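Fold and contact review
The lines below spell out each chain.
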Amino acid sequence: MANSTSLTLSYFILGAYLNVGILRYLYFMITALLYIVIVIANSSLIVVICRNRSLHEPMYFFLCSLFVNELYVSTGFFPFLLIQILSDIHTVSTTFCFLQMFSLYTFVNIEFCNLAVLSYDRYLAICCPLQYNTRMTSRKVFILIFFIWLYCVVKVVITLMLNLRLTLCGNAINSLYCRNYLVVKLACSDNTVTVNNIYGLFATVLSVGVLLPIIFSYTRILKICLSGSKQTRQKAVSTCTPQLVSLISFSFGCCFEIIQSRLDMSILPSVLSMILSVYFLIVQPLLNPIMFGLQMSKNCNLPGVLRTASQRAVVFLSSAVSMRSCCASCEPMGL
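Structure report, in brief.

Criteria and cut-off values
Residues numbered from 1 in each chain as written. Predicted model: local features only at pLDDT ≥ 70, side-chain atom pairs only at ≥ 80, totals over all residues. Heavy atoms only, no water. Core = buried A, V, L, I, M, F, W, Y, C linked by side-chain atoms within 4.5 Å. Buried < 20%, exposed > 50% of the residue type's maximum accessible area, 1.4 Å probe, protein only. Contact = heavy atoms within 4.5 Å. Pairing = 2+ DSSP bridges. Helix = DSSP H or I, 4+ residues; strand = E, 2+ residues; numbered from the N terminus. Axes fitted to C-alpha atoms, helices over the stretch in contact; angles between N-to-C directions. Salt bridge = Lys/Arg side-chain N within 4 Å of Asp/Glu carboxyl O. Disulfide = S-S within 2.5 Å. Parallel < 35°, antiparallel > 145°, perpendicular 65-115°, else oblique. Left-handed = near helix turned anticlockwise from the far one by under 90°. Nonpolar A, V, L, I, M, F, W, Y, C, P; charged D, E, K, R; others polar. Expected span 1.5 Å × (residues − 1). Bend = angle between axes of the 7 residues up to and from the residue. Phe/Tyr/Trp six-rings, centres within 6.5 Å; stacked < 30°, edge-to-face > 60°.

Structural notes on the nonpolar core
With 89 residues, the main nonpolar core has F12, L63, Y177 and I221 as its most contacted residues. Not counting residues within four places of it along the chain, the set of residues in contact with F12 comprises H90, T91, V92, T94, C97, F98, L168, N171, I173, V183 and L186.

See the structure below:
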C-alpha cells in the first residue's frame, strides 16, 4: 500500500452537515454577513493603527498582529464554509484539507502567543512603567511578532508533515471542517501513529508553556491593583479587561474543540455541537476588533477616524446579531 496520504485518498467527506433544504440560502446570507463584518472590523483597525503615528506603540503593534491573524483565518475558513452550505455533497480535497488545517492551527497558536505577549506588555506598562520604554522597544516588538509567526508556522508544518506519512483507511470526518486529530484517527495502523502522538504531547507542553507568561503577568497586575491607588486600579481594569475577556472566550472555544474531537459528544444536540465547534473561529474575529476598537476609541487623543471605524464595526455586528436572533426565533438552526 502507498505510504502517502496523497496517493491513498483524493478527498475527505465532511459528515457533520445537515440537510436543511431551502434554509441553506438563509444560512448562507447570515454566514456571508458575518464574514463581511469580520473583514470590515479587522481591516478598519489595521488601517487606523498603520496610518496614525500616535498609535505606533508596542500594544497597538501587537493588536495589529492579532487583527491580521483573524483576517488570515477568516479567509481560510469562511469562503470554504459558504461553499459547503450551498453544496449537496460535502467533500473537500486532500490538498485543501491539509491547507485548511494549516490555516486553522497556525491561527490558534498565533492567537495564544499574541495574547501572551499582550499580557506581558500590560505587565510592564502597569508594574514597571519607568522601565517600559527601554524594555519594550519597537525593535523588540517587531522581533517578537516575527518570532511568533515563524515559531507557529514551523510547529504546525511539522505536525502536518507527520500526518502526510500516514496511510489512511477511511475518508469520513464527522466535522464541519478538517481537524488534525480526526484525520490521524483514520490511520490504518496504531504503530504508525506513535510518532504523531509523541510530537503531539510535545506540542501540547509547548502550548501550555504559553500560558505561563499570561498567568505570571496577570497575577502581578492583580497584586499591584490590590495594593495600588485607585488610579492604578482603573488603568489596569480599562486596559486588561478586553484582553482577559478575549483570552477566556478563546480558551473556552479551543477547549470545546479539543474535547469534541476526542470524546463522544453525541449527548449534545447536533446543532449545538456544530455551533460550539465553530465558536472560536467566528466569535474571536468578531469579539476582538469590537472590544479593542471601543477601548481605543475611549482615548480622547485618538483621531476621529478611529471612533468612526469602531462605531461602524459595532453597527455591523449589531445588525448581524439581530438578524441571527430573528432567524433563530423563526426556524431551528442547522448548517
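Some thoughts on the sheet that holds strand β3 (residues 172–173)
One open sheet accounts for three strands, arranged β2-β1-β3; its pairing is mixed. Each edge of the sheet is formed by a strand with only one pairing partner; in this case those strands are β2 (91–93) and β3. Here two bridges tie strand β1 (residues 11–14) to β3, and the two strands are oriented parallel to one another. Among the inter-strand pairings, L14 is bridged to a residue of β3, identified as I173. The sheet strands contacting helix α4 (residues 94–127) are β1 and β2, and the helix crosses β2 at an angle near 85°.

Considerations on the pattern of salt bridges
The final tally for this structure, using the stated rule, is three salt bridges. Notably, a salt bridge pairs E257 with R179, separated by 3.6 Å at the nearest N-O pair. Residue E257 is located in helix α9 (residues 230–262), and its partner R179 is located in the loop between β3 and α7 (180–184); the two are separated by 78 residues in the primary sequence. Residue E257 is classed as buried on the basis of its relative accessible area of 8%.

Quick look at the state of the cysteines
In the structure shown here, the tally under the stated rule is two disulfides. The disulfide partner of C97 is C178, and the gap between their sulfur atoms is 2.1 Å. The chirality of the disulfide connecting C97 with C178 is left-handed, given an S-S dihedral of about -130°. Residue C97 is found in helix α4, and its partner C178 is found in the loop between β3 and α7; the two are separated by 81 residues along the sequence. Of the two residues examined, C97 and C178, each falls in the buried class. Between the sulfur atoms of C169 and its disulfide partner C188 the distance amounts to 1.7 Å. Note on the C169 and C188 pair: the S-S dihedral is about 115°, so by sign convention the disulfide is right-handed. Taken together, the residues span a long stretch of sequence, with C169 in the loop between α6 (138–164) and β3 and C188 in the loop between α7 and α8 (194–227) at a distance of 19 residues. By sequence-ordered numbering of the bonded cysteines, the protein has its disulfides arranged as 1-3, 2-4. Here C50 stays unpaired: no disulfide links it, and the sulfur of C64, its closest cysteine neighbor, is 4.3 Å away. Here C255 is not cross-linked by a disulfide; its sulfur's nearest cysteine counterpart is in C254, at 7.1 Å.

Quick look at the packing of α4 against α9
At a closest axis distance of 11 Å, the pairing of α4 and α9 adopts a crossing angle of 160°. The angle between the axes of α4 and α9 places the two elements in the roughly antiparallel class. You can see that α4 and α9 cross each other, and the crossing is left-handed. The residues of α9 that touch α4, namely those facing Y105, F107, V108, E111, F112, L115, L118, S119, R122, A125 and I126, are T232, K235, A236, T239, C240, Q243, S246, L247, F250, S251, C254 and E257. Counted by class, the contact of α4 with α9 contains 13 nonpolar, six polar and four charged residues.

Comments concerning α9
Along an α-helix, a turn takes 3.6 residues, which lines up residues three or four apart on a common side. With 33 residues, α9 should cover 48 Å at 1.5 Å per step; its first-to-last C-alpha distance of 46 Å lies within 8% of that length. Residue C240 marks the point of greatest curvature in α9, where the axis turns by about 40°; the proline P242 follows within four residues.

Considerations on the packing of helix α3 (residues 58–86) against α6
In the contact formed by α3 and α6, the axes pass within 9 Å of each other and the chain directions differ by 20°. By the criterion of interaxial angle, the relationship of α3 to α6 is roughly parallel. Relative to α6, α3 is oriented so that their crossing is right-handed. Where α3 abuts α6, its residues P58, F61, F62, S65, V68 and N69 lie against S138, V141, F142, L144, I145 and W149. A breakdown of the residues in the contact of α3 with α6 according to their chemical character gives nine nonpolar, three polar and no charged.

Digging into the packing of aromatic side chains
The tally for this structure, following the rule as stated, stands at 14 aromatic pairs. Judged by centre distance (5.4 Å) and plane angle (75°), the ring pair of F77 and F78 falls under edge-to-face. Each member of the pair F77 and F78 is classed as buried. Connected via pairs of aromatic rings, a cluster forms that spans Y35, F77, F78 and Y177.

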